[in-house]
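# Survey of secondary and tertiary structure
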Amino acid sequence: MNNTRRRLLPAILLLVALTIIPIRAQTTLSASAIDPLLMLPASDVVLLIDHSRIWSEAIPRFFGADAAPIRKILAEAEQFKAKTGVDVRSISRIAVGVRFVNPEAVTKMKVDKKDLAVVIIAQGDFDPNKLVSAMRRDAKERVREEQHGGQIIYSVDESKGGNQQPDIEKVAVAVLDTNTIAIGDLVHVRATIDAKAGSGRLSPELVSLIQRNGSALASLAGNVPAALFASLLPKESSGNAEMDKQFGKFFEAVASIKQMYISLGMTATDVEASLGARLGSTEQAQSLGDMLLGARQQYSVFIEDKMIRDLVANMQITAEGEEVQLKAALPQTTIAMLISNASKTAAATTASAPKTTATQTATPTAQPKKKRKGTRRKKN
């Protein structure tokens, strides 16, 4: 990856990563602000984050204002603000769209940067032009401007030695309105401007899935490549005809999944998680739901960890129409305990790690042995 991408991409990812910082964010967004979902172009995977609620409601309950594990991220946030002039705590919503340019590579889990088109839309009470200015300062003469759909796109061109850099590898930025910025590769940023104008928007099916839980803190929905689960189908017989039949039905149902979605929400006491799948038919959905219920009843007794066993036992498994949905709730006190234990373990591991020093013990240099001069006995 070239130097500019190395410098800019961490800043891009920071917009998403900083959703885990436990500081109360005060954001004011104009009532006329466009829903970022209406600006996302056609994508195969979409992520929607209620950034302000995560900062103000969720994480403070788990970490507290002075939690040691996130001090480093807080420092990064301050560095980001010093460099760009944008306080990430002013971001209210984030939407991410990913399109599979090469679905075959995704299926084989061998994805290169040319195989995905990505855009991140950040919206909030900040001046998006400051991010553009920071990009221009960093990339200098490598910044290119182009007009697309009546708006300006700024991209970084790293073409060298006559080798033209593909547009999908160019980092690009566009100010969509006074509260919104799009950051991603040049291909998907262009498509975002088109989507904002009403052309080539996110499919209604994915919009419906991502909005399934209107109070979610974060939601993820996506299309499943047709061949993704095909490799899961058993290739050989186990020798047990009934078992082979049941497993065959299960994997066939899984292989028929067309779309999936995940959402995370929060009540006064619990964190709620939902996992859903849209299959090829009502019969396949009902069959998969029945098999999941049967597997829980048969195998949950073998789960040794009581917390996980109780979580599985209380999980809701339902099949309705072409969809199967799993819902689970985990007490916030349990999550806080797990985070605290993980933090203590990490701190103890760091403290007990052997320290190396650069001091080297000097060893005397061996002196070469001098040859003795032999004495010849004089002949009488």
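Structure: see above.
Below is a summary of the structure that appears in this document. (Residues numbered from 1 in each chain as written. Predicted model: local features only at pLDDT ≥ 70, side-chain atom pairs only at ≥ 80, totals over all residues. Heavy atoms only, no water.)

### Comments concerning the pattern of salt bridges
Counting across every chain of the model gives 14 salt bridges. Residue Glu 78 pairs with Arg 89 through a salt bridge whose shortest N-O separation is 3.1 Å. Placement of Glu 78 in helix H3 (residues 71–84) and of Arg 89 in the loop between H3 and strand S2 (91–100) is noted, with a sequence separation of 11 residues between them. Taking the relative accessible area as the measure of exposure, Arg 89 reaches 22% and is therefore partly exposed. Here Glu 146 ties to Arg 190 by a salt bridge, and the two come within 2.9 Å at their closest N and O atoms. Taken together, the residues span a long stretch of sequence, with Glu 146 in strand S4 (residues 143–148) and Arg 190 in helix H6 (residues 186–196) at a distance of 44 residues. For Arg 190, a relative accessible area of 21% translates into the label partly exposed. (Salt bridge = Lys/Arg side-chain N within 4 Å of Asp/Glu carboxyl O. Helix = DSSP H or I, 4+ residues; strand = E, 2+ residues; numbered from the N terminus. Buried < 20%, exposed > 50% of the residue type's maximum accessible area, 1.4 Å probe, protein only.)

### Considering unusual backbone geometry
A positive phi is found at Lys 140, a non-glycine position, where the angle reads about 55 degrees. By secondary structure assignment, the location of Lys 140 is in the loop between helix H5 (129–139) and S4.

### So, empty space enclosed by the protein
What the rule picks out here adds up to two cavities of 30 Å³ or more. For the second largest cavity, the calculated volume is near 30 Å³. Every residue lining the second largest cavity is listed: Leu 209, Ile 210, Arg 212, Asn 213, Ser 219, Leu 220, Tyr 261, Ile 262 and Ser 263. At the level of secondary structure, the elements contributing two or more residues to the lining of the second largest cavity comprise helix H7 (204–210), strand S8 (218–223) and strand S9 (259–266). It is S9 that contributes the most residues to the lining of the second largest cavity, three residues altogether. Tallied by class, the residues present in the lining of the second largest cavity amount to five nonpolar, three polar and one charged. (1 Å grid on protein atoms, 1.4 Å probe; cavity = no way out; pocket = protein on both sides within 12 Å on 5 of 7 lines; lining within 4 Å. Points joined across faces, edges and corners; volume = space filled by probe spheres on them. Nonpolar A, V, L, I, M, F, W, Y, C, P; charged D, E, K, R; others polar.)

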